[in-house]
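Below are the chains, spelled out letter by letter.
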Amino acid sequence: MNVYIRILFIFFCVYGSAQNPVVFDFGDELNKYSNEFYDIIETPNGTKWISSENGLLKYDGRKFEKVRNEEQKGNTVFNLQIDKKGKLWFNNLYGQFFYVKNDSIQFYKDFNSVLKGGLSQFIVKGEDIVYLFSSKGIYRSDAETIRKISDTKVLTSCYTGEKGYFIGNESRIFTIDFSTDKITQLSQLEIENSSSKPVFFVLDTTCFLFAENRSKGQFFKITDSGHLKINSPEDIAFERLINVKVVDHKVFVFTYNGTQVYEYKEDSFVYRNTFFKENKVSHLFKDSEDNYWFATLKDGIKVVPNINLLSNNFNYESYGYIVGSKAKNDRELIFYTDSGYLLFFDVIKGITKVLKVPTKNILSAIEVDPKKDIVYIGVNNNESFIYDLKKHTFQKTSLFNVAKDIQVVGDKVLYLTYNKSVLYTEKYNRIQEDTVDDSRAYTAHVSKTTQDFFIATASGVYKFSSGKKKLLQFKNEIFNATSIAETDDGTIWFSGVQNKLYYLKNNEVFNYRFKDFEPKEIKFLKAYKNELWIVSEKGLLMIDRSDKFKETLYNTRNSGISGSIVSLEVFKDKIIYTSNKEIFSIKKELLSKKKQKFLMHILQQ
């Protein structure tokens, strides 16, 4: 049976909307087993194991299977962990401990006589040596015996190397030396008004503690002499702690009001973001293919293919589908939709403002004039508008009706429509119109260095320089183009029909020969500095002009984008790309180049 998976995007209010990771959510195939999960882990053979209220689940990449031991009492299992030999361990509420061998569950021991129904945390050390940390005390078990080490009631515990740490009676912090089983009290934790128990976590080789204190989260560092209070953000909303996990040196704090992400820098924990505000996440695991698996207490399992890829979603049912975008400056851009909306987007904050253009028709093209602080807006009908960014007003005009493209050329404006290309000049408060070409136009580009401009038409590609018009040719043949971009070295790039890529350098046209990643379909081009970005059926392909035309393919399928990429804007360290109803942002260096087998299987369902 094939696993059915849904691609979810978490929606928030457009204004001040949060940026959230792209999420895959398993459907009924998983929900039929349970919707409350506690742990996720992967054994060396790639099998995923999931603990739930309804038992232990095994996932082989294609289907889920519930597994159990005939001696197992009840269904609910907890505390999945793998020992140094790769053996998976877990326990249950009946004091039973199990391990997995050859993908089958083996019974280890029944500790109910000492635990008396209490759920114990545990640590596996050495050859099947298990330390139990419970409300009934601390025990050491091996294949033959079980021995009580301490009567101290344990609230929570962790270990790093040969040392363990735990909180006992009256919030006292202790350490245990596993080589001698010696227990030493370190200090006493002072916390007030806590509705949840504190949680230990290990960052590198240092043990930390996160606790609720006076309705706020507080980090502590555990040392051989006690605990140190670490600088923690004081203005982050906090509601009941569930768990804490460390992945890729980021600290994920799971609470009842979201998953908070922190980084540890210079003896301080710096807040980065909050995800899953509507979900009670209980555990996080990063698998061997770099997928992030989030277990939740009531909402199943969420799989994030790239934690750095953020979804900035908007309500497309209200605002329409994205048609295209234009950069406003070096950190802002504007999306435009088929329902007549402008979405102002900040690369850090996400969507900051939504404007309704006074039309019922589709917006066909926009252009930002930074010198005049205005936006030219073309509409797929006999109307167009100019928006004043300072006065926040729309002015109706007929200059850009049914625009295919609009470009600012110095103090002039180039307007392309279905049957002509027009250059507008304003003189003495009057608009002078100059038709520069009378064939069907597709797109245009204005050179950043020379102010020459190029128009791709049904008749070919024209270059306009100092009032002169020239039809470009490759080896004495006319070529057509659907997209134009320019890298900083002055190279002009053209995506041609039949997926050919041309470039103009020193007034000569060349046909680019792909070395490693020849696409079957070139959708459009964008450029930043000396990087040429190609949107293709393979994903995003980047050609670095300054590095001997080095080609890099980025796997955008890992984003779960549910349709073709319709817009792309490239910034200094981020790229923003969209389908018609989803907006994604990610730092360039964190784009995925890896094909993940798990996601490739899912996306092929």
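Report on the accompanying structure. Just so it is clear, the structure is predicted and the values come from calculations on it, not from any experiment.

**Remarks on the overall build of the protein**
Inference 1: In terms of helices and strands, the protein carries four helices and 60 strands.
Inference 2: Taken along the three principal axes of its C-alpha coordinates, the protein extends 95 × 50 × 40 Å.
Inference 3: Per-residue burial over the protein gives 56% buried out of 605 residues.
Inference 4: Element-wise, carbon and sulfur atoms account for 44% of the exposed surface of the protein, whose accessible area totals about 27,700 Å².
Inference 5: Computed over 85 positive and 75 negative side-chain charges, the inter-centroid distance for the protein is 2 Å.

**Brief notes about the nonpolar core**
Looking at soluble globular proteins, one finds that nonpolar side chains tend to be buried together.
Inference 1: By size, the foremost hydrophobic cluster in this structure holds 26 residues, and its most contacted members are F26, W49, L56, F90 and I301.
Inference 2: Excluding residues within four positions of it along the chain, L56 makes contact with W49, I50, S51, E65, K66, V67, V77, L80, F90 and I105.
Inference 3: Grouped together as the second largest cluster of nonpolar side chains are 17 residues, V22, W533, L568 and V570 included.

**Regarding empty space enclosed by the protein**
Inference 1: A complete count under the given rule lists two cavities of 30 Å³ or more for this structure.
Inference 2: Approximately 40 Å³ is the volume attributed to the second largest cavity.
Inference 3: Looking at the second largest cavity, the residues that line it are F210, G217, F219, S232, P233, I236, A237, F238, Q260 and Y262.
Inference 4: Listing elements by their share of the lining of the second largest cavity, those giving two or more residues are β22 (216-223) and β26 (258-265).

**Quick notes on the pattern of salt bridges**
Once their charged atoms are close, side chains differing in charge can pair, the charge on each being opposite to the other.
Inference 1: Applying the stated criterion across every chain, the model contains 30 salt bridges.
Inference 2: Measuring nitrogen to oxygen at the nearest pair gives 3.8 Å for the salt bridge that ties D181 to R140. Of this pair, D181 sits in the loop between β18 (172-177) and β19 (182-188) while R140 sits in strand β14 (residues 137-141), placing them 41 residues apart in sequence.
Inference 3: Taken together, the shared-partner salt bridges in this structure form one network comprising R140, D142, R147 and D181.

**Structural notes on the pairing of β22**
Inference 1: Pairing of strand β21 (residues 206-213) with β22 involves six bridges; the strand directions are antiparallel. Among the inter-strand pairings, E212 is bridged to a residue of β22, identified as G217.
Inference 2: Turn length for the β21-β22 hairpin, with the two strands adjacent in sequence and antiparallel, is two residues, and the turn residue R214 shows positive phi of about 55°.
Inference 3: Pairing geometry for β22 and strand β23 (residues 226-230), over five bridges, is antiparallel. Considered in β23, the bridge of I222 is made with H227.
Inference 4: Count of turn residues in the β22/β23 antiparallel hairpin: two residues.

**Overview of the sheet that holds strand β45 (residues 453-457)**
Inference 1: Judged by pairing direction, the sheet is antiparallel, and its four strands sit side by side in the order β44-β45-β46-β47 without closing on themselves. A strand with exactly one partner marks an edge of an open sheet, and here the two such strands are β44 (441-446) and β47 (468-471). Averaged over neighbouring strand pairs, the angle between their axes works out to 20° when direction is ignored.

**Section: the environment of H445**
Inference 1: Along the chain, H445 turns up in strand β44.
Inference 2: The residues touching H445, leaving out its near neighbours within four places in the chain, are D452, F453, F454, I484, A485, E486 and I492.

**Some thoughts on the sheet that holds strand β20 (residues 199-203)**
Inference 1: Strand order in the open sheet made by the four strands is β20-β21-β22-β23, with antiparallel pairing throughout. With one partner strand each, in any of the chains shown, β20 and β23 form the two edges of the open sheet. Going across the sheet, the axis of each strand differs from the next one's by a mean of 35°, ignoring polarity.

**Examining the side chain of Q81**
Inference 1: Within the secondary structure, Q81 sits in strand β8 (residues 77-82).
Inference 2: The class for Q81 is buried, based on a relative accessible area of 17%.
Inference 3: The contacts of Q81, once residues within four sequence positions are left out, are I41, K87, L88, W89, F122, I123 and V124.

**Overview of the pairing of strand β37 (residues 374-379)**
Inference 1: Counting buried residues in β37 gives six out of six residues, a clear majority hidden from the surface.
Inference 2: Burial along β37 is two-sided: I374, Y376 and G378 facing one way and V375, I377 and V379 facing the other are all buried.
Inference 3: Pairing analysis gives six bridges linking strand β36 (residues 363-369) to β37, with the strands arranged antiparallel. Paired with V368 across the strands is V375, a residue of β37.
Inference 4: Between the antiparallel neighbours β36 and β37 lie four residues, among them D373 with a positive phi of about 55°.
Inference 5: Two strands pair when backbone bridges link them, and β37 and strand β38 (residues 384-388) are joined in this way by five bridges, in the antiparallel orientation. When the sheet's bridge partners are listed, Y376 is paired in β38 with I386.
Inference 6: Once β37 ends, the chain turns through four residues before running back antiparallel as β38.

Reading the values: rules and limits
Within every chain, residues take consecutive numbers counted from 1 along the sequence as written. Per-residue local features of the predicted model are confined to residues with pLDDT of at least 70, and side-chain atom pairs are confined, for both listing and counting, to 80 or more; whole-chain, interface and lining totals are unaffected and use all residues. For side-chain calculations, the full set of non-hydrogen atoms in the structure is used, while hydrogens and water are omitted. Secondary structure elements are taken from DSSP: a helix is a run of H or I of four residues or more, a strand is a run of E of two residues or more, and numbering for both begins at the N terminus. When a residue's accessible area, from a 1.4 Å probe over protein chains only, is under 20% of the maximum for its type it is buried; when over 50% it is exposed; and in between it is partly exposed. Here the Shrake-Rupley method, with its probe set to 1.4 Å, supplies the accessible areas, and only the displayed protein chains count as covering residues. In this tally Asp and Glu are treated as negative and Lys and Arg as positive; neither His nor the chain ends contributes. By convention, the point assigned to a charge is CZ for Arg, NZ for Lys, CD for Glu and CG for Asp. Each nonpolar core is a collection of buried residues, namely Ala, Val, Leu, Ile, Met, Phe, Trp, Tyr and Cys, held together in the definition by side-chain atoms within 4.5 Å. Residue contacts are counted whenever heavy atoms from the two residues lie within 4.5 Å of one another. Using protein atoms alone on a 1 Å grid, points that fit a 1.4 Å probe yet trap it form a cavity, whereas open point sets bounded by protein on both sides within 12 Å along at least five of seven lines form a pocket; residues with an atom within 4 Å of a point count as lining. Grid points are joined across faces, edges and corners, and a volume is the space filled by probe spheres set on the points. One side-chain nitrogen of Lys or Arg within 4 Å of one carboxyl oxygen of Asp or Glu is enough to make a salt bridge. Two strands make a pair as long as DSSP finds a minimum of two bridges between them. Structural elements are reduced to axes, namely lines fitted to C-alpha atoms, with helices fitted over the stretch in contact, and the angle between N-to-C directions of any two is expressed from 0 to 180 degrees.

What is shown is where atoms sit, not what they do.
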